[in-house]
Amino acid sequence: EVQLVESGGGLVQPGGSLRLSCAASGFTFSTYAMTWVRQAPGKGLEWVSGIRNDGCSTSYADTVKGRFTISRDNAKNTLYLQMNSLKPEDTAVYYCAKALDWWIHGMDYWGKGTLVTVSS
């Protein structure tokens with residue numbers, strides 16, 4: 001059974017940093033690309049970032065480019081999202097999702113999410 005469990009969310013002041021983690025199990029983690037997607041209160045889903053199965057290629061939404069860094073540790077079956085220079089508009093539930101194959105060609109499994117609140 002595929003399981004994705006996010007952690008690391010919380011309350012942070014504008015300009016602060018957080019590091020999200022996503023622990024994966026139930027599939028061969030190193031075979032699949034992984035993504036982060038978020039949903040702000042009252043809004044739709046927004047794709048944030050993706051990383052190739054081997055970690056050698058990444059992609060970011062323009063809204064987070066230069067502030068967020070996606071990474072993965074295939075030995076630990078864990079996906080990360082380092083978020084710096086956080087803004088109130090980054091407030092959202094952040095989900096990790098497993099891609100269909102080695103790149104971001106669609107997602108088939110999602111975690112339950114972790115809430116990030118950016119507020120003073």
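Look up a bit, the structure's there.
Here goes a summary of the coordinates provided. (Residues numbered from 1 in each chain as written. Predicted model: local features only at pLDDT ≥ 70, side-chain atom pairs only at ≥ 80, totals over all residues. Heavy atoms only, no water.)

### Quick look at the overall build of the protein chain
(1) Moving on: Regarding its fold elements, the protein chain presents zero helices and eleven strands.
(2) Moving on: Along the protein chain, helices and strands appear, N-terminal first, in the series β-β-β-β-β-β-β-β-β-β-β.
(3) Moving on: Here the C-alpha radius of gyration of the protein chain, 13 Å, is about what a compact globule of 120 residues would show, namely 14 Å.
(4) Moving on: Taking the principal axes of its C-alpha atoms as reference, the protein chain extends roughly 40 × 25 × 25 Å.
(5) Moving on: Sorting the 120 residues of the protein chain into buried and exposed places 42% on the buried side.
(6) Moving on: Within the protein chain, residue pairs in contact and separated by at least 24 positions form 55% of the contacts whose partners lie at least 6 positions apart.
(7) Moving on: Accessible area of the protein chain: about 6000 Å², with a carbon and sulfur share of 49%. (Helix = DSSP H or I, 4+ residues; strand = E, 2+ residues; numbered from the N terminus. Rg over C-alpha atoms; globule rule 2.2 N^0.38 Å. Buried < 20%, exposed > 50% of the residue type's maximum accessible area, 1.4 Å probe, protein only. Contact = heavy atoms within 4.5 Å. Areas by Shrake-Rupley, 256 points an atom, 1.4 Å probe, with all protein chains shown as cover.)

### Focus on the state of the cysteines
Put plainly, a disulfide is one covalent bond tying together the sulfur atoms of two cysteines.
(1) Moving on: In total, this model carries one disulfide according to the counting rule given.
(2) Moving on: Cysteine 56 forms no disulfide, and the closest cysteine sulfur to it belongs to cysteine 22, at a distance of 19 Å. (Disulfide = S-S within 2.5 Å.)

### Describing the packing of aromatic side chains
(1) Moving on: Considering all chains together, one arrives at three aromatic pairs under this definition.
(2) Moving on: With a centroid separation of 6.2 Å and an interplanar angle of 55°, the aromatic rings of phenylalanine 27 and phenylalanine 29 are classed as tilted. Across the pair, exposure class does not vary: phenylalanine 27 and phenylalanine 29 are buried alike.
(3) Moving on: Grouping aromatic residues by their ring pairs yields a cluster made of Phe27, Phe29 and Tyr32.
(4) Moving on: For lysine 98, the ring lying beneath its charged end belongs to phenylalanine 27, and the centroid distance is 5.6 Å.
(5) Moving on: In this structure, lysine 98 is placed above the aromatic ring of tyrosine 32, and the distance from its NZ or CZ to the ring centre is 3.8 Å. (Phe/Tyr/Trp six-rings, centres within 6.5 Å; stacked < 30°, edge-to-face > 60°. Lys NZ or Arg CZ within 6 Å of the ring centre and 35° of its normal.)

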